[in-house]
Every structure is written in structure tokens, then in C-alpha cells.
Amino acid sequence: MPVPRFKSLFTASVLPNAQRLGCGAMWSRLRTILPSPNCLPPRWYMNRLKEDDTACLSALHNGQIFLFHHLSPLLQCTQRGTLRPAALATSDVQSVLERLGSDGSLVKKSVLVSCLEQNQAQFCLDVGELDQVSVEEACEGKFLDLRKSLFLLTTAEAPILAKGQALLRWHQTSRFCSATGQLTHRNQAGSQRACSSNGIIYYPKMSPVVIVLVSDGRRCLLGRQPAFPLGMYSALAGFCDMGESLEEALCREVAEEVGLELQSITYSSSQHWPFPHSSLMLGCHATVSPAHTQLQVDHAELENARWFSLEEITSALKLQTPPQRGDSPALWLPPKQAVAHRLITEWTKQQLLKDTDQNQRPGSC
Ligand SMILES: NC(=O)C1=CN([C@@H]2O[C@H](COP(=O)(O)OP(=O)(O)OC[C@H]3O[C@@H](n4cnc5c(N)ncnc54)[C@H](O)[C@@H]3O)[C@@H](O)[C@H]2O)C=CC1
Ligand SMILES: [Mg+2]
């Protein structure tokens, strides 16, 4: 079994040396004694590629690439008529780029995003410097805005696109060291950048954002920002301020946006979200007293916020297509990939269970 063999090898011969050698040096040393890449658990293999530029370049040549054009991912239509991200072999991307007049070094700008079971590495690459339509024709796909893509994609690759876009954007906006003003250089995996003059290392940045589904026991509270698609309402969200805990940020955001005081908070789950730059969404449920549900909506932040009944939410969860202009305004919920959607489905299940329990109590009709 490769995993235990590697683990014992790691504990016996590598850990004692890890402190003595730097990480990069350690991996160079490891390359001489490690089993072949497809024996490593994917997470360890990813770490190896982040530390070893040569190994990463070779993984890139044998890997897959998701293309972006000015941060919009390339999607292809499946035989069943659904959309999926185009995972192209690096060799195919290389020949397309060469045919379109690129010098071949562009592929090296790919960033490492994931790894398949057999340790085939997956990368993302922005080909914004090439003609969009020519790339689309050559790859038989279409570049589509990532927000729209997340509404349409149901495949497991959606989070890879989100991560890829966030990483590509970070590289595009982090070309200079904020201490010296000098150029920064990335490692092959794209997991860090170093200042060319003083060696400061920069890692991709994420902002913590709290997101909360508030309930008064019977209804849940959703808000609408002016930029949301037609009819869409979502859970309340906000960036954490410096020094704040998750709970403090939640209480402040809810108080600021709708003037309510939270009674209890339960953590649900988290999610990386690529918008507006790169956020770590921390999803929670919260309750308010049924006696204090009057909303004071801050219209500088939200176009509207209101309480929704279980019936309204269950009908919205069944909708398959978004409302169109001219339709009577139906409630449209965030896409399945969004943590807001998860919070809403969790609340709905809990309410339905509560209703079933109440109906089954002796004496209920
Ligand atoms: N994945 C999901 O289910 C959902 C995700 N979201 C995300 O949550 C994010 C935050 O929600 P909002 O209500 O817009 O936040 P918010 O209520 O904190 O208001 C946004 C304002 O906060 C300020 N701000 C403070 N720190 C910031 C930072 N690090 N980056 C950018 N702006 C910062 C800016 O002035 C900005 O205009 C949204 O950008 C949206 O992408 C929102 C709802 C659902
Ligand atoms: Mg907000």
C-alpha cells in the first residue's frame, strides 16, 4: 500500500531532516528517495509541486489546463446539452497557442489548482492576450463570465474554476512588492510571489466574510443588493473588520444592515468565494426573538430585505430557470455552489422536520 509506505518513509527519514534543511532543499532531497508521483496522496503531491519548480513544470506538461480569457472560464457543451468546464490536455493547449501565434512560454504562466486521483495535476491559464473568438473556435467552447458560470455548472469542477480565477486575479494584481516597489516573481505553481530585491514572500490573499441566515423561528431573512440578478435574494453577508471575531462580525453586520439583535449563532460551513476578489465565506445560522423582528434596512447597503415564509422558500428552491424581465417577480435563490444556498436548504429541512414533529404530537390534528 503506497500511502503507509510513504508515511513511514516520511516519519523515519524526512522529518528529522526537515528542520535542518529549508523546505525547497528538502523537496530536492526528497525527489531522490520519493516513490513515483502517482504513489503520493494528492494533497502531498500538490505540496510537492508548490515547493519544486522542476517537478511542477513536468506535471504541467503531463497535466490538464482550464483556460480563462480575462478571468472568464472556457466552458464546453456536453452531449447531454449541459455545460462543463473544458479540461484540456496541456499538449493540446500548447498546439492551439502555437497555431494562434503565441511563443509557447504562455503555458508556463499556468497556476496549479488541483490534482486528480492518479496525481494528474490541473492548472488554470489566462489567455487574455489572444483573440477570444479564435481560442473559442480552436477549443470548441465559449468563455463565460464566472458568476454566470456558477449558476449554470453542476459539476465538481466549479470550485476549481473559482479557485483558479481567484489565483489568476491575484497574480495579475500583485506584480509589484508593496514594500520596495520592485517586480515580484512567482514560483512555477503560482502559490507565492517573491520580491526581486529583498526576497519578501507574498502569498495569495483572502478576506474573511461572514454570511448568516437569520430566522425568527418561523421565517427566514434574506436581503437583496442592487447588483444581484433579477429577483435574487440571499443571506446577509459582510466583511470582517480587523480584530473582530466571527460572532462579533455577524452581530455588527446584522445590526448595521437590518437593525436586528441576534440571540444565538450556530456555525454551519465555509466556502472559498472568488468575488469580489477572494473571500473565505463563514456560513452561520442565527436566531432573533420573534418579538423583535421589525427591520430597519440600511438602503446604502441593501436594496431591500424581508422575511420569507417556508412556503416561499420551498417554491423558490424548486425553480429551474431564473425570472426574466417582464415576469412577475419570483424569488430566485443563489446558485447551488454558494454557501448561501446551503444555509437556505439546511434551514428549510430543519423547518420541515419541526413541522412534521409538531403534526405528530398527540392531540395535534
Ligand atoms: N457565496 C455566497 O453565498 C454569497 C457571497 N457573498 C459575497 O460576500 C461578499 C461580502 O458581502 P457584502 O454584503 O458585499 O459585504 P459588506 O456588507 O461588508 O459591504 C461591502 C463593503 O464593505 C467594504 N469592505 C470592507 N472590507 C472589504 C474587503 N476586504 N473587500 C472588499 N470590500 C470591503 C467595502 O466598502 C464594500 O463596499 C460579497 O462581495 C459577495 O461576493 C454574498 C452573499 C452570498
Ligand atoms: Mg452586506
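Residues numbered from 1 in each chain as written. Chains lettered and ligands numbered in written order. Predicted model: local features only at pLDDT ≥ 70, side-chain atom pairs only at ≥ 80, totals over all residues. Heavy atoms only, no water.

As annotated in an unreviewed UniProt entry, the protein chain is NAD(+) diphosphatase from Betta splendens. Within the UniProt record for the protein chain, the comment given under Cofactor (unreviewed entry) is "Mg(2+)". (UniProt positions renumbered as here; feature names shortened; annotations may be inferred.)

Colleague: Got a sec to walk through the sheet that holds strand E8 (residues 184-186)? Specific residues and values, please.
Modeller: Strands sit in the order E8-E9-E10 across an open sheet of three strands; the sheet is antiparallel. The sheet terminates laterally at E8 and strand E10 (201-202), the two strands that pair on one side only. As defined by bridge partners, E8 adjoins strand E9 (residues 193-195) across three bridges and the pair is classed as antiparallel. Residue histidine 185 lies in a different strand from E9, and its bridge partner there is alanine 194. (Pairing = 2+ DSSP bridges. Helix = DSSP H or I, 4+ residues; strand = E, 2+ residues; numbered from the N terminus.)

Colleague: Go over the pairing of strand E1 (residues 64-69), please, and point to the residues and values.
Modeller: Remember that side chains alternate between the two faces of the sheet whenever the strand is regular. Counting buried residues in E1 gives six out of six residues, a clear majority hidden from the surface. Two strands pair when backbone bridges link them, and E1 and strand E4 (residues 87-89) are joined in this way by three bridges, in the antiparallel orientation. Following the sheet pairing, glutamine 64 is matched in E4 by alanine 89. In terms of strand pairing, E1 meets strand E2 (residues 72-77) through two bridges, oriented antiparallel. Each residue of the ladder has a partner; that of phenylalanine 68, found in E2, is proline 73. Hairpin connection from E1 to E2: two residues lie between these consecutive antiparallel strands, with histidine 70 at a positive phi of about 45 degrees. (Buried < 20%, exposed > 50% of the residue type's maximum accessible area, 1.4 Å probe, protein only.)

Colleague: Explain the coordination of the magnesium ion (ligand 2) to me, and be specific about the residues and the numbers.
Modeller: For the magnesium ion (ligand 2), every protein donor is listed as Ala237 (O) and Glu257 (OE), and the spread of their distances is 2.1 to 2.2 Å. Of the two residues, alanine 237 sits in strand E13 (residues 236-239) while glutamate 257 sits in helix H9 (residues 246-258), which places them 20 residues apart along the sequence. (Donors = N, O, S within 2.8 Å, 3.2 Å for Na, K, Ca; no water.)

Colleague: So what's going on with the nonpolar core? Residues and values would help.
Modeller: The biggest cluster of nonpolar side chains holds 38 residues, and the ones touching the most others in it are Cys124, Leu161, Ile211, Leu213, Leu222, Ile313 and Leu331. When residues of this core are traced back to their parent elements, those giving at least two are E1, strand E5 (111-115), helix H7 (146-152), helix H8 (158-172), strand E11 (207-215), strand E12 (220-224), helix H10 (310-318) and helix H11 (339-360). In contact with leucine 213, other than residues within four places in its own chain, are Cys220, Leu221, Leu222, Ala235, Cys284, His285, Ala286, Leu343, Ile344 and Trp347. (Core = buried A, V, L, I, M, F, W, Y, C linked by side-chain atoms within 4.5 Å. Contact = heavy atoms within 4.5 Å.)

Colleague: Describe the site of ligand 1, naming the residues involved and giving the relevant values.
Modeller: As a structural note, the neighbourhood of ligand 1 is formed by 19 residues, with Gln225, Ala237, Phe239, Glu257 and Ala340 the closest of them. Between ligand 1 and glutamate 257 there is a distance of 2.8 Å, counted from an oxygen atom to a side-chain nitrogen or oxygen. Taken atom by atom, the bulk of ligand 1 overlaps the largest pocket. At the level of secondary structure, the elements contributing two or more residues to the shell around ligand 1 comprise E11, E13, H9, strand E14 (264-273) and H11. Partitioned by chemical class, the residues of the shell around ligand 1 number eleven nonpolar, five polar and three charged. (Near = heavy atom within 4 Å. Polar contact = N/O pair within 3.5 Å; in protein donor to acceptor, adjacent residues only side chain to side chain. 1 Å grid on protein atoms, 1.4 Å probe; cavity = no way out; pocket = protein on both sides within 12 Å on 5 of 7 lines; lining within 4 Å. Sits in = over half its atoms within 2 Å of the grid points. Nonpolar A, V, L, I, M, F, W, Y, C, P; charged D, E, K, R; others polar.)

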